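Single-letter residue listing:
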Amino acid sequence: MVLEQERVLACSALARAAGVGRGMRRGGVLMLLPEARLLERDPAREAEALDAVALAMLQYTPQVALAEEATLLMDVGASLRLFGGIRALCARVRASLDALGFTAALSCAPTARAAWLLARHGGQGRRQSGRHGGKNGGAQGGIHDDTSDRARDSAGSHAHGSGHGNANGSPHRNPPAGIRAARALRMASLERRLDRLPVALLPPARAYAAWFEGLGCERLGELRRLPRPGLQRRCGRELLDMLDAAYGLCPELFDWVAPPESFRARLELFDRIEGADLLLAGAHHLVLQLTGWLCARQLAVERITLLMEHERGRVAMPPTPLEVALAEPTWRDEHLVRLLRERLAKQELPAPVIGLALEALQVRAMAPPSESLFPEPGGTEEDRMRMLELLVARLGPENVLQALPQADYRPEVANEWVPVQQRVRPSERAARLPPVVASLPRPSWLLAKPIALLMRNHRPYYGSSLKVASTPERIEAGWWSDTQTRDYFIAEGQDHTLYWIYRERIIGSGVDAEPRWYLHGLFG
Amino acid sequence: MFIQYILPTMMNCASIPSIRPAPEALHPALWKASQLARGGARCIDTGHAPLTSQLPGGGWPVGTLVELLQQQAGIGEMRLLRPALQACAERRIVLLQPPHPPQALALAALGLPPSQLLWLKPERSADALWAAEQVLRSGSCGALLFWANHVRGESLRRLHLAAQHGETLFFMLRPLAAAQDASPAPLRLALRPAAGGLNIDFVKRRGPQRDAPLFLPLTPSLLQRHAFVDRPVLTPAAARGLQPQLVQ
């Protein structure tokens with residue numbers, strides 16, 4: 001649970017079941033739950049968490065602003081079409097927040113202040129009902145779009161990283177808490193909704209809460225009916241401005257979040273982690289921030305490094321780097337997460353990990369996707385590259401090979417395979433090929449190591465006695481490196497299988513007069 | 001799935017005169033047990049006329065698990081698949097876990113461009129199955145040839161499902177002993193070497209049971225020998241005709 005000034009600010013569901021409530025003192029908590037983990041609220045980490053969410057949200061709109069009381073405002077007016085409508089966008093934002101490990105109250109309204117109010121109301125409703133979950137950094141938010149004709153800057157949605165929590169800074173996954181997105185898309189419905197909200201939601205009105213109560217003015221609708229000059233004299237200009245902004249009567253100005261020049265995000269884990277595959281959730285958290293940064297700066301990433309920080313102190317170790325290079329630059333998170341999953345599954349950790357950091361080492365300008373009218377059946381070149389990258393990530397670069405044959409008479413030398421990530425120009429590949437590929441009989445399968453054949457009745461024997469069925473092909477080459485002097489034959493076994501066998505011509509010493517036969521290939 | 005249409009008994013036939021159409025005329029997914037299935041998945045021509053006439057759909061089905069069972073590698077399986085692989089060579093051809101290193105020049109001589117070949121050498125069989133599934137799901141490869149010795153039934157089913165996801169030509173090359181085991185593959189052929197070609201046994205196909213192996217001469221014949229005159233001329237099974245053994 002999280003304490004602020006020695007009083008409980010937030011606690012987990014388990015603690016609530018044990019009878020811990022908000023505002024309880026430390027001593028009381030320890031009496032109920034002696035083994036409880038008490039954490040001090042840490043405003044710096046809260047701000048960090050909110051920044052992380054803001055960065056991740058940049059993938060949905062370039063206009064994200066931090067607002068008071070841990071709220072994010074996003075102007076999504078221009079993003080609706082791209083993401084397929086407000087519902088789809090809300091679902092995606094919610095999924096991203098879930099992946100980041102935060103809970104949020106989302107709301108949408110045609111004005112930013114209204115969205116803020118709705119989101120705060122949603123979050124507070126949760127709080128009053130006492131169902132809000134623990135020390136996780138909650139986020140309430142509102143998406144607010146400008147579908148009404150009252151078109152000013154269609155200010156944003158806000159995700160509101162709650163006032164409590166996140167003191168331990170750990171992304172804490174909890175099931176979606178079912179905070180319903182309050183959506184008001186038309187001005188008329190928004191006004192109806194706003195009129196029902198309590199007055200105390202507006203920060204400037206909180207100081208005068210007792211006075212409003214005395215007046216019997218509890219809702220915003222009632223507040224609006226009060227005479228404006230008197231209200232301004234008593235409560236100040238600020239309250240009226242905020243009210244007007246919520247109802248769309250005066251313009252709002254925002255300080256949009258500017259993405260940093262270079263990307264580096266850090267995450268402190270909530271525990272010492274020993275299995276590399278368990279780090280994926282944390283890595284996903286960082287990748288989401290990277291996605292937001294890339295979208296905001298219109299960049300695609302080519303190379304990223306995930307640094308796994310180990311414990312400091314006596315056994316201090318440098319962080320273990322995990323570098324992921326991409327053949328095709330990307331700015332989406334799915335592919336990066338899939339690659340990281342395969343790489344992390346293979347990674348061996350020398351020591352427990354306490355922190356993660358992600359850096360974008362190499363970026364380039366985002367290339368717009370080229371859409372063709374008729375999609376190719378085999379997918380795009382990027383799809384192919386992604387598949388290869390995924391295979392390389394799991395199998396290792398030395399196990400995913402492309403053919404680069406060269407014109408050489410020695411079969412082993414001619415049959416060269418190189419890692420698929422090595423770039424080979426088509427002209428270079430063509431230049432290495434012999435002029436007529438079909439000129440020589442070559443087997444489809446070349447044994448990695450020739451098998452020395454037994455001799456029976458002066459005939460080579462492999463499963464059955466082999467009958468030579470072709471004229472010899474004499475290969476005598478390679479005096480500059482490894483000499484081969486062999487006579488190759490196609491031989492036929494009794495079951496009509498064809499084998500590629502050879503006879504070694506120069507035998508080490510003169511005493512060994514018997515010719516030696518080897519099996520070297522199979523005709524597939 | 002496929003419904004096997006049961007022929008009405010003679011009595012019913014007598015009571016309902018010949019207004020009832022033949023079952024195969026009703027729907028492309030219906031066929032009689034004596035006929036080859038038709039109207040299934042898209043097929044790629046095998047390039048061997050005698051074989052094509054024996055396969056349901058008239059070729060290698062795309063997006064389906066096809067099993068080729070053979071005693072050992074190197075009996076002519078690549079020459080058998082050559083026309084089909086050539087047909088889909090504008091996309092990559094993946095050789096997954098071949099028993100021996102493939103020789104790119106020989107494959108180039110078979111008409112498979114070396115730039116399109118991809119050789120995967122997974123270290124564990126779990127990795128091989130994973131890689132096969134990734135290749136099939138991505139759908140960006142023309143053909144996948146997967147050599148596997150021991151595969152469990154559920155893995156086969158999983159791969160078959162993954163294959164249906166895309167339009168990749170998918171062959172699994174398995175040992176001959178696997179013919180005894182059940183498999184979800186709708187087409188299973190056993191290959192045995194023969195003089196100048198291959199003997200093909202139809203272990204399983206959507207069509208009538210065929211006991212006699214099909215001899216298929218392979219080109220290019222590596223040994224320039226006499227033509228295959230001593231072979232009986234094969235009459236291809238008529239796609240709609242009733243097999244005599246079923247009639248009696």
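Residues numbered from 1 in each chain as written. Chains lettered and ligands numbered in written order. Predicted model: local features only at pLDDT ≥ 70, side-chain atom pairs only at ≥ 80, totals over all residues.

What follows is about the overall build of chain A. Within chain A one finds 16 helices and 24 strands. Within the span of chain A, comprising 524 residues, buried residues form 40% of the whole. (Helix = DSSP H or I, 4+ residues; strand = E, 2+ residues; numbered from the N terminus. Buried ≥ 20, exposed ≤ 12 C-beta atoms within 10 Å, placed from the backbone.)

Here we take up the pairing of strand β11 (residues 299-310) of chain A. Looking at chain direction, β11 of chain A and strand β13 (residues 353-365) of chain A are connected through 11 bridges and run antiparallel. Across the sheet, residue H310 of chain A finds its bridge partner in β13 of chain A, namely V353 of chain A. (Pairing = 2+ DSSP bridges.)

For interface size, the figure often reported is the accessible area lost on association. Between chain B and chain A, the contact holds 40 residues from the first and 45 residues from the second. At the level of elements, α4 (77-87), α5 (104-109), β5 (117-120), α6 (125-138) and β8 (187-194) of chain B are the ones that each hand at least two residues to the side of chain B that touches chain A. Of the residues contributing to the side of chain B that touches chain A, the split by class is 26 nonpolar, nine polar and five charged. The pairing of strand β14 (residues 400-403) of chain A with β5 of chain B spans three bridges and is antiparallel. Pairing of Q402 of chain A across the sheet is with L118 of chain B, part of β5 of chain B. (Contact = placed C-beta atoms within 7 Å. Nonpolar A, V, L, I, M, F, W, Y, C, P; charged D, E, K, R; others polar.)

In this section: the sheet that holds β11 of chain A. Residues and elements named next belong to chain A. Ordered by their spatial adjacency, four strands build an open sheet running β10-β13-β11-β12, and the pairing between neighbours is antiparallel. Edge positions in the sheet fall to β10 (264-273) and β12 (320-330), since each has one partner strand and no second. Pairwise comparison of adjacent strand axes, ignoring direction, gives a mean angle of 20° for this sheet. Strand direction decides the pairing type here: β11 and β12, joined by seven bridges, are antiparallel. (Axes fitted to C-alpha atoms, helices over the stretch in contact; angles between N-to-C directions.)

With that settled, the discussion passes to the confidence of the model for chain A. Caution applies to low-pLDDT regions: their predicted coordinates should not be interpreted in detail. Scored by pLDDT, chain A has a mean of 76; 84% of the residues are at 70 or more. With pLDDT under 50 throughout, residues 125-178 of chain A is counted as low confidence; its partners more than four residues away or in other chains account for 215 contacts. (pLDDT = per-residue confidence, 0-100.)

Residues and elements named next belong to chain B. Across chain B, the average pLDDT comes to 82, with 80% of residues at or above 70. Contacts from residues 225-231, a stretch scored under 50 in pLDDT, to residues over four places away or in other chains number four contacts. Scored as a whole, the predicted complex attains pTM 0.68, and scored at its interfaces, ipTM 0.79.

In this section: the sheet that holds β8 of chain B. In spatial order, the strands read β15(A)-β14(A)-β5(B)-β4(B)-β6(B)-β7(B)-β3(B)-β8(B)-β9(B)-β10(B); together these 10 strands make up an open sheet with mixed pairing. The open sheet has two edge strands, β15 (417-419) of chain A together with β10 (214-217) of chain B, and neither has a second partner. Taking the axes of each pair of neighbouring strands and ignoring which way they run, one obtains an average angle of 25° across the sheet. Here helix α14 (residues 381-395) of chain A sits on the sheet and contacts β14 of chain A together with β5 of chain B; the angle it forms with β14 of chain A, its principal contact strand, is near 125°. Contacts from α4 of chain B reach β3 (65-70), β4 (92-96), β6 (141-147), β7 (169-175), β8 and β9 (197-204) of chain B within the one sheet, and its direction differs from that of β7 of chain B by about 175°.

Residues and elements named next belong to chain A. Its identity is not glycine, yet Q298 carries a phi of approximately 60°, on the positive side. Mapped onto the elements of the fold, Q298 is located in the loop between α12 (280-297) and β11. Judged by local crowding, Q298 falls into the exposed class, with 11 C-beta atoms found within 10 Å.

A few words on the nonpolar core. V53 and L290 of chain A together with V94, L96, A132 and L144 of chain B are the most contacted members of the largest nonpolar core, which totals 168 residues. A per-element tally of this core places α12 of chain A first, with nine residues. One finds L453, F489, I490 and I501 of chain A within the second-largest nonpolar core, a separate group that totals 17 residues. (Core = buried A, V, L, I, M, F, W, Y, C linked by C-beta atoms within 7 Å.)

Let us now look at the environment of V392 of chain A. Residue and element names in this part refer to chain A. Within the element layout of this structure, V392 appears in helix α14. On the basis of neighbour counts, which here come to 21 C-beta atoms within 10 Å, the residue V392 falls in the buried class. Residues V392 and R343, spaced 49 residues apart in sequence, show a C-alpha to C-alpha distance of 9.5 Å. With near-sequence residues (within four places) excluded, V392 lies in contact with P397, V400, V420 and Q421.

All right, on to α12 of chain A then. Residue and element names in this part refer to chain A. The end-to-end C-alpha distance of α12 is 25 Å, a good match for the 26 Å that 18 residues give at a rise of 1.5 Å each. The buried fraction of α12 amounts to 15 of the 18 residues, a majority that puts the element mostly inside the structure. Just downstream of α12, Q298 is the residue with a positive phi angle, here 60°. (Expected span 1.5 Å × (residues − 1).)

Before going further, it helps to spend a moment on the packing of helix α5 (residues 85-100) of chain A against α12 of chain A. Residue and element names in this part refer to chain A. Between α5 and α12, the least distance of the axes is 8 Å, while the angle of their chain directions is 135°. Between α5 and α12, the angle falls in the class oblique. Seen from α5, the contacting residues are S96, A99 and L100; seen from α12, they are H284, H285 and L288. Of the residues belonging to the contact of α5 with α12, the class tally is three nonpolar, three polar and no charged. (Parallel < 35°, antiparallel > 145°, perpendicular 65-115°, else oblique.)

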